[in-house]
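Here's the letter readout for the chains.
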Amino acid sequence: MKESKFYSPEVFTASGDLSKTWFVYYYEPLVNGHVPKRVKVYEGINRIKTIEGRLKKAEEICARIREEKPVTYGNNKPVKKFPGSILMDGIESMNNYCDPKTISSFRGMVNVFLTFLGDKNDRQATREDALAFVDSLFKKKLSPKTVKAYRSNLKSLYNKYLVRYEPDNFKNPFRNMPPIKTSSRSLMYFNDFQIRLIKEYSREKEPFLWLACLLQYYCFIRPNEIRQLKIEYVNLHAGYIEIPGFVSKNRKTQKVAIPTSLLPELNFLVQYNPELFIFGGPGPEAPSRDSLSKAHKKILEAVKIKGRYGFYSWKHTGVVKAYKAGINMKDLQMQLRHHSLDMVNEYLKNLGVMDSDRIRDLFPAI
């Protein structure tokens, strides 16, 4: 059954990136309102070459759509974007502390689950439904890691509902699920020859990207945190960079030390507006989530480095170099912002460097 409800249009701006596709989108729910269908509208937005122009055009499109599809629901109250779904309500409660990409990922997973349930809604889902859903994901040839993410995220959203409302006789359908075995291989760290190739090429062709590599190498700042760094977060006098909670992966505000070798590379920042993003150009927006990684990939192609390498390899490279230089584990833990030494041990073990030098050099011959 297709319903005539309509959800107010919004604008996708790609964080102000004019090189990416912008569009207006809205939702028309199907199957009694449980499975929203997203409709995208372009209408020439991307032919406009300025942010202001695109925003103006997008608002014109939104106004037209709102006029053609008035937002009403019975007694003229505004329609909730995802009516009838406790999982979608849980997602809405996350808007204040999760980034848009995470929210979008959660919504996609919930939509897949709601589609699987068919005529049922998520309040009616049973443990048998949850087990059958997980089996269906494996039948679609999804990786164990992806299936595990579906199960974990859906369980978490159900728990948000249970904590908030404490409903009688309702149990999380994803409770006590059997474990899913996963295996992953981390990116490799660069050797000295590769570092020299990338450094020589980047310093000439992509100096700002090289600075981003250095921030990973020396300060272990994650790529998604790097793109959101503002100049004001860098305290050259005190010798640290502050990673605000709304930027960091663990949502905690923490500081990392600026090694002496890195300081000369950052001194130029003092001449710029502290409110600017370091890698955002002259505009008020941070670069898109994967722009630095894509630019780094092109450099690897240019210097002909192949294999399991990526932008994140610079963090691995820095950790390995620091460990081999004799920096103690507690200092590594603080710079990595890991909550325990066990995490640092596991990190080094996954990179294949934990005590490997001593095994290689001191193992007695026969």
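What this report covers is the structure whose coordinates are included nearby. Everything numeric in this text was worked out from a predicted model, so none of it was measured. (Residues numbered from 1 in each chain as written. Predicted model: local features only at pLDDT ≥ 70, side-chain atom pairs only at ≥ 80, totals over all residues. Heavy atoms only, no water.)

## Here's the deal with helix α12 (residues 329-336)
Within the span of α12, buried status applies to Leu-332, Gln-333, Gln-335 and Leu-336. In this structure, the buried side of α12 is in contact with α7 (207-219), β6 (254-257), α11 (313-324) and α13 (341-350). The N-terminus of α12 is capped by Asn-328, whose side-chain oxygen sits 3.1 Å from the backbone nitrogen of Lys-330. Just beyond α12, the residue with positive phi is Arg-337, at close to 60°. (Buried < 20%, exposed > 50% of the residue type's maximum accessible area, 1.4 Å probe, protein only. Helix = DSSP H or I, 4+ residues; strand = E, 2+ residues; numbered from the N terminus. Contact = heavy atoms within 4.5 Å. Polar contact = N/O pair within 3.5 Å; in protein donor to acceptor, adjacent residues only side chain to side chain.)

## What about the pattern of salt bridges?
Overall, the coordinates contain 8 salt bridges when judged by the stated rule. Glu-265 is the salt-bridge partner of Arg-203, the closest N and O atoms lying 2.7 Å from each other. Taken together, the residues span a long stretch of sequence, with Arg-203 in helix α6 (residues 192-205) and Glu-265 in helix α9 (residues 263-266) at a distance of 62 residues. A cluster of three or more residues bridged by salt bridges with shared partners is formed by Arg-222, Glu-225 and Arg-337. (Salt bridge = Lys/Arg side-chain N within 4 Å of Asp/Glu carboxyl O.)

## Comments concerning the packing of α6 against α11
For any two helices packed against each other, the geometry comes down to the angle between their axes and how far apart the axes lie. At a closest axis distance of 12 Å, the pairing of α6 and α11 adopts a crossing angle of 130°. Relative to α11, the element α6 lies oblique. Handedness of the crossing formed by α6 with α11: left-handed. Residue-level contacts link Asp-192, Ile-195 and Ile-198 of α6 to Trp-314, Thr-317 and Lys-321 of α11. By residue class, the composition of the contact of α6 with α11 is 3 nonpolar, 1 polar and 2 charged. (Axes fitted to C-alpha atoms, helices over the stretch in contact; angles between N-to-C directions. Parallel < 35°, antiparallel > 145°, perpendicular 65-115°, else oblique. Left-handed = near helix turned anticlockwise from the far one by under 90°. Nonpolar A, V, L, I, M, F, W, Y, C, P; charged D, E, K, R; others polar.)

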